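The residues making up each chain are set out below.
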Amino acid sequence: MVTASFRKVLCVLYDDPVAGFPPVYAREEIPTLTHYPDGQTLPSPAARDFTPGHLLGSVSGGLGLERFLTERGCRFVVTSDKDGPDSVFERELPDADIVISQPFWPGYLTAERIEKAPRLKLAITAGIGSDHVDLRSAIDRGITVCEVTWCNSVSVAEHAVMQMLALVRDYIPQYGWVVRGGWKIADAVSRSYDIEGMDVGVVAAGRIGLGVLRRMKPFDVNLHYTDRHRLSADVEQELGLTFHESVESLVSVCDVVSIHCPLHAETEHIFNDELIGRMKRGSYIVNTARGKICDRDAIVRALESGQLAGYAGDVWFPQPPPNDHPWRTMPNHAMTPHTSGTSLSAQARYAAGVREILECWFDGRAIREEYLIVQGGALAGTGAHSYSEGDATGGSEEAARFTTG
């Protein structure tokens, strides 16, 4: 059981719906799953104090943790106010023992913030992707960093395929004509193509990237990938994959490139003017990984020049982006807020995973290897496989402009 030495759990979640917390949901239930595609079992906490399919990722949902943590003797602080020196997150952090955050609304744990939190021992990502934590500082301080591996990988893969099709078929402008009461078919199809026969590639073929490749195979496209861990020959043959040793090789032959690598020091801004210049003119980028993998202004320039025919994704830097972020107004985009991995289905999985991690932590049991990013002063588990030491955090001060800019 948790001892008195663990006093405060600080949780950063996104705001509740503008119209208020849902009184009723569109569906009464979600499918019951037991295993992920590779056979890993879904999160298995001792109990769940929530209804799967309900909104858990916002402040009022609280990941379904309030009763559990209160019974364990913890003070549970939930806030959406995370950016800037006067934020609730900043004020509550100095005596926090555990911080829980999300990729969609990240509480940036920079080196400076970690320095201000001497009691901090555990940082949990409610989802996948821990780049909002300064991993080097976490390693130096002996902080354990975890994320709920697999919980929303399929969710993101589905979103990426949706955005590929939306870009190539130019769906967003066509929908716009309907909303505006128009029927301008010539205008609506002037940038619309079939994806059949195109060359589609993914940057990183881990859980999400491989999921995208599997889902794209029935569209009769030519599939490509690059990854520092090459897939087995059986998988390559099954899906008809072409492997590329470098991202430069992949982008030079693909019509559509979908990005799925984690953000760390080696991948930050790899999609810059030079790399985009190697792509076919009129190609497309879908980025559901992390916004900072792409150079913000290079994307805008490529869309304005026509080097890129379209850009879509749901990841930005910082998050939330300021009101004047150029990706809001650049041409031929199909951006969403960071929603790919926080469907109501995914929320049930990552909420259960966070509780499982906390149960293990409080009871002194080992946390699943696949959930670990940093442990014992080193990269561990999934972190050792996918990350490199370094800092790609920051962003809090710029994100604070979202409500003021």
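Everything that follows concerns the structure shown earlier in this document.
Quick caveat, the model's predicted, so the values are computed rather than measured.

*Asks:* Teacher, can you tell me more about the packing of aromatic side chains here?
*Replies:* Any pair of aromatic rings gets described here by the distance separating the centres and the angle formed by the planes. Summed over the entire model, instances satisfying the criterion amount to eight aromatic pairs. Ring geometry for tryptophan 316 against tryptophan 327: centres 6.0 Å apart, planes inclined by 50°, an arrangement best described as tilted. Of this pair, tryptophan 316 sits in the loop between β11 (308–313) and β12 (333–335) while tryptophan 327 sits in the loop between β11 and β12; the two residues are eleven residues apart in sequence, bridging distant segments of the chain. In terms of burial, tryptophan 316 and tryptophan 327 fall into one category: buried. Through a chain of ring-to-ring contacts, the aromatic side chains of Tyr311, Trp316 and Trp327 assemble into a single cluster. Looking at arginine 180, its charged tip hangs above the ring of tryptophan 177, at a distance of 4.5 Å from the centre.

*Asks:* Sorry, what's going on with the sheet that holds strand β8 (residues 241–243) here?
*Replies:* Through backbone hydrogen bonds, the strands of a sheet pair up, either in parallel or in antiparallel fashion. One open sheet holds the seven strands; their spatial order is β8-β7-β6-β9-β10-β11-β12, and the pairing between them is parallel. The two strands at the open ends of the sheet, each matched to only one other strand, are β8 and β12. Direction aside, the axes of adjacent strands within the sheet are offset by 15° on average. The strands touched by helix α8 (residues 207–216) are β6 (199–203), β7 (222–226) and β8; relative to β7, the strand with the most contacts, the crossing angle is about 170°.

*Asks:* Explain the environment of arginine 27 to me, please; I cannot follow it from the model alone.
*Replies:* Examined against the element boundaries, arginine 27 turns out to sit in the loop between β1 (8–12) and α1 (66–71). With a relative accessible area of 62%, arginine 27 lands in the exposed category. It is 9.6 Å that separates the C-alpha atoms of arginine 27 and histidine 54, two residues lying 27 residues apart in sequence.

*Asks:* Looking at this model, I keep getting lost on the sheet that holds strand β13 (residues 372–375). Mind explaining?
*Replies:* Taken together, the seven strands give an open sheet; going across it, the order is β2-β1-β3-β4-β5-β13-β14, and neighbouring strands pair in mixed fashion. Of all strands in the sheet, those with a lone pairing partner are β2 (75–79) and β14 (378–379), marking the two edges. Sheet topology note: the strand β4 (residues 122–125)/strand β5 (residues 144–147) ladder contains four bridges and is parallel. Bridge pairing in β5 links threonine 125 to glutamate 147.

*Asks:* Is there a simple way to explain unusual backbone geometry in this structure?
*Replies:* Residues apart from glycine generally show negative phi values, whereas peptide bonds are mostly found in trans. Cis geometry is found at the peptide bond from phenylalanine 317 to proline 318, where omega equals -10°. A positive phi angle, close to 60°, is found at aspartate 220, a residue other than glycine. Turning to its location among the elements, aspartate 220 is positioned in the loop between α8 and β7.

*Asks:* I keep staring at α8 and nothing clicks. Help me out?
*Replies:* For the α-helix, the turn length of 3.6 residues means that residues three or four positions removed from each other point alike. α8 sits mainly inside the fold: seven of its ten residues count as buried. Elements that come into contact with the buried residues of α8 comprise α5 (153–168), β6, β7, α9 (233–239) and β8.

*Asks:* Sorry, what's going on with the nonpolar core here?
*Replies:* The nonpolar side chains of a soluble globular protein tend to be buried, and buried together. The biggest cluster of nonpolar side chains holds 61 residues, and the ones touching the most others in it are Leu63, Leu65, Leu69, Ile100, Leu109, Val354 and Leu358. With nine residues, the single largest contributor to this core is helix α13 (residues 344–363). Residues in contact with isoleucine 100, not counting those within four places in the same chain, are Val9, Leu10, Cys11, Val12, Leu63, Leu65, Ile124, Ala126, Val354 and Leu358. In this structure, Met198, Val200, Val221 and Phe243 belong to the second largest nonpolar core, which totals 31 residues.

*Asks:* Whenever I open this one, helix α12 (residues 296–305) confuses me. Can you help?
*Replies:* Of all the residues in α12, the buried ones are Ala298, Ile299, Val300, Ala302 and Leu303. Buried residues along α12 sit against α11 (273–277), β10 (283–287) and β11. With a side-chain oxygen lying 3.1 Å from the backbone nitrogen of aspartate 297, the N-terminal cap of α12 falls on aspartate 295. Immediately beyond the C-terminal end of α12, within one or two residues, lies glycine 306, with a positive phi of roughly 90°.

About the cut-offs
Residues numbered from 1 in each chain as written. Predicted model: local features only at pLDDT ≥ 70, side-chain atom pairs only at ≥ 80, totals over all residues. Heavy atoms only, no water. Phe/Tyr/Trp six-rings, centres within 6.5 Å; stacked < 30°, edge-to-face > 60°. Helix = DSSP H or I, 4+ residues; strand = E, 2+ residues; numbered from the N terminus. Buried < 20%, exposed > 50% of the residue type's maximum accessible area, 1.4 Å probe, protein only. Lys NZ or Arg CZ within 6 Å of the ring centre and 35° of its normal. Pairing = 2+ DSSP bridges. Axes fitted to C-alpha atoms, helices over the stretch in contact; angles between N-to-C directions. Contact = heavy atoms within 4.5 Å. Core = buried A, V, L, I, M, F, W, Y, C linked by side-chain atoms within 4.5 Å. Polar contact = N/O pair within 3.5 Å; in protein donor to acceptor, adjacent residues only side chain to side chain.

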